[in-house]
Amino acid sequence: MMNITWEMMESALGMFIFLALELTVLFLLISYLVGLAQEWMTPEKVQRVLASRHGRGYLLAALMGALTPFCSCSTIPFLKGLLRARAGFGVMMVFLLASPLLNPVIIGLFVVTFGWKVSALYFVVAMSVSVLGGYLLERLGFEKHVKASAWMDGGGGTCCVFGESVSRWRKAWVSTWSDFKSVLPYLMVGVSLGALIYGFLPSEWIASVAGDHNPWAVPVAAVIGIPLYIRAEAVIPLSVALVAKGMSLGPVMALIIGSAGASLTEVILLKALFKTPLIVAFLVVILSMAMGAGYLYMLLF
């Protein structure tokens, strides 16, 4: 049985305060800047641009996904908008894969946490696999697994609606604060878990389970990431503690991609649009990306 010491509690508390303050400031700052950008790049504009590419704008769809982190309640209406606008099945899937993984908030947290080199490789891997995944799913004929009702017109739109008289600066801040309040519980869960791991779990045990010598650590971390889902904003502070305790960067990346790329909630919402074979294919792409990135990081870092 582990003996809890004052040093352990002090270490855990110090890590909690550090992560909570740093990530709160970063989240508010990056989200506000993104919110200002979204005043000019609305979902409707993105839909029109992607629809004009006639199903060939795979790279553009990935870039749009990286630059437009719409609030979570907009995901399904936005995808329906792409379908109604006939943007193309492949383009839609690229956007769906890239948007949660290349969220500017996540990238900003990545840079501060892991540095530019690790973040750049993460961006390239997520971008490349998203484009390839969307292209292959279209070529393999998975479009037939989109439900007929998904092509029909219906309600939708963004979850944040303001009057015209409200300034863009004010709207961006209101949206940022709303997003922060919705993310705060998940962020605190991640910070708390990270602090507990940093303060109380033995470094030797984590290194033995998820160190460089264990090739099974990557697929296990990737699979755990999806049902574990606590949002990327929360899993990143958790990862900081795991790395500090000796967990290899490969399994950490697999865990982050599995958590950010798919979630049980997202899968349930996608059931309104997709049939089971397409949902399974979507999950296979995410898991393949997570494991591929994990092994790549183990080779390079």
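Computed from a predicted structure; not experimentally measured. (Residues numbered from 1 in each chain as written. Predicted model: local features only at pLDDT ≥ 70, side-chain atom pairs only at ≥ 80, totals over all residues. Heavy atoms only, no water.)

Section: the overall build of the chain
A count of helices and strands for the chain gives 14 helices and zero strands. Taken from the N to the C terminus, the helices and strands of the chain come in the order α-α-α-α-α-α-α-α-α-α-α-α-α-α. Taken over 301 residues, the chain has a buried fraction of 50%. Sequence-distant contacts in the chain: of pairs separated by 6 or more residues, those separated by 24 or more amount to 86%. Looking at the chain as shown, the accessible area adds up to about 14,200 Å², and 69% of this sits on carbon and sulfur atoms. (Helix = DSSP H or I, 4+ residues; strand = E, 2+ residues; numbered from the N terminus. Buried < 20%, exposed > 50% of the residue type's maximum accessible area, 1.4 Å probe, protein only. Contact = heavy atoms within 4.5 Å. Areas by Shrake-Rupley, 256 points an atom, 1.4 Å probe, with all protein chains shown as cover.)

Brief notes about the nonpolar core
Among the nonpolar cores identified, the biggest contains 73 residues, and Met 93, Phe 110, Met 253 and Phe 274 are the most heavily contacted of them. Element by element, the count of residues in this core is highest for helix α14 (residues 276-300), at eleven residues. In contact with Phe 110, not counting residues within four places along its chain, are Gly 115, Val 118, Ser 119, Tyr 122, Ile 236, Met 253 and Ile 256. The next biggest cluster of nonpolar side chains, apart from the first, holds five residues, and it includes Met 15, Leu 19, Ala 20 and Val 191. (Core = buried A, V, L, I, M, F, W, Y, C linked by side-chain atoms within 4.5 Å.)

A closer look at a nonpolar patch on the surface
Side chains of Leu 132, Tyr 135, Leu 136 and Leu 140 sit close together on the surface and give an oily, nonpolar patch of about 390 Å² of accessible area. Among the secondary structure elements, Leu 132 is positioned in helix α7 (residues 116-139). (Patch = residues over 30% accessible without salt bridge, like charges linked within 9 Å, V, L, I, M, F, W, Y side chains within 5 Å. Salt bridge = Lys/Arg side-chain N within 4 Å of Asp/Glu carboxyl O.)

Topic: the side chain of Thr 24
Relative to the helices and strands, Thr 24 is located in helix α1 (residues 6-38). You can call Thr 24 buried: its relative accessible area is 19%. Every residue in contact with Thr 24, bar those within four places of it in the chain, is listed here: Leu 19, Phe 180 and Leu 187.

A closer look at the packing of aromatic side chains
The full count for this structure, using the stated rule, is four aromatic pairs. Ring geometry for Phe 110 and Phe 114: centres 5.2 Å apart, planes at 45°, overall tilted. Taken as a pair, Phe 110 and Phe 114 lie in helix α6 (residues 104-114) at a separation of four residues, close to a single helical turn. For the pair shown, Phe 110 and Phe 114 are each scored as buried. (Phe/Tyr/Trp six-rings, centres within 6.5 Å; stacked < 30°, edge-to-face > 60°.)

A few points about the UniProt feature "transmembrane region" (unreviewed entry) in the chain
UniProt's feature table lists "transmembrane region" (unreviewed entry) at residues 12-37, 57-79, 91-114, 120-137, 183-201, 216-240, 252-273 and 279-300, given in the numbering used throughout. Spanning residues 120-137, this segment combines 100% helix with 0% strand, and its end C-alpha atoms are found 26 Å apart. In residues 279-300, the share of helix is 100% and the share of strand is 0%. The end C-alpha atoms are 32 Å apart. (UniProt positions renumbered as here; feature names shortened; annotations may be inferred.)

Examining α14
Compared with an ideal rise of 1.5 Å per residue, which puts 25 residues at 36 Å, α14 spans 36 Å between its outermost C-alpha atoms and is within 8% of the ideal. Along α14, the positions that sit buried rather than exposed are Leu 278, Ile 279, Ala 281, Phe 282, Val 285, Ile 286, Met 289, Ala 290, Ala 293, Gly 294, Tyr 297 and Met 298. (Expected span 1.5 Å × (residues − 1).)

A look at helix α12 (residues 249-261)
Residue pairs three or four apart in sequence face the same way in an α-helix, which turns once every 3.6 residues. Helix length check: α12, at 13 residues, gives a terminal C-alpha distance of 18 Å against a target of 18 Å (1.5 Å per residue), a fit within 8%. Burial of α12 is extensive: 13 of the 13 residues sit out of reach of the surface.

Some details on the packing of helix α5 (residues 89-101) against α7
Remark: α5 packs on α7, axes separated minimally by 8 Å, with the N-to-C direction vectors making an angle of 155°. Between α5 and α7, the angle is such that the two are roughly antiparallel. For the crossing formed where α5 meets α7, the hand is right-handed. Judged by residue contacts, Phe 89, Gly 90, Met 93, Val 94, Leu 97, Ala 98 and Leu 101 of α5 engage Tyr 122, Ala 126, Ser 130, Val 131, Gly 133, Gly 134, Leu 137 and Glu 138 from α7. Of the residues contributing to the contact of α5 with α7, the split by class is ten nonpolar, four polar and one charged. (Axes fitted to C-alpha atoms, helices over the stretch in contact; angles between N-to-C directions. Parallel < 35°, antiparallel > 145°, perpendicular 65-115°, else oblique. Left-handed = near helix turned anticlockwise from the far one by under 90°. Nonpolar A, V, L, I, M, F, W, Y, C, P; charged D, E, K, R; others polar.)

Observations concerning the confidence of the model for the chain
With 68% of its residues at a pLDDT of 70 or more, the chain shows a mean pLDDT of 75. The element-level mean pLDDT for the chain is lowest in helix α9 (residues 203-210), coming to 60, with α7 highest at 92. Here residues 155-162 is a poorly scored stretch, pLDDT under 50, and it has 13 contacts once near neighbours within four places are set aside; other chains count. (pLDDT = per-residue confidence, 0-100.)

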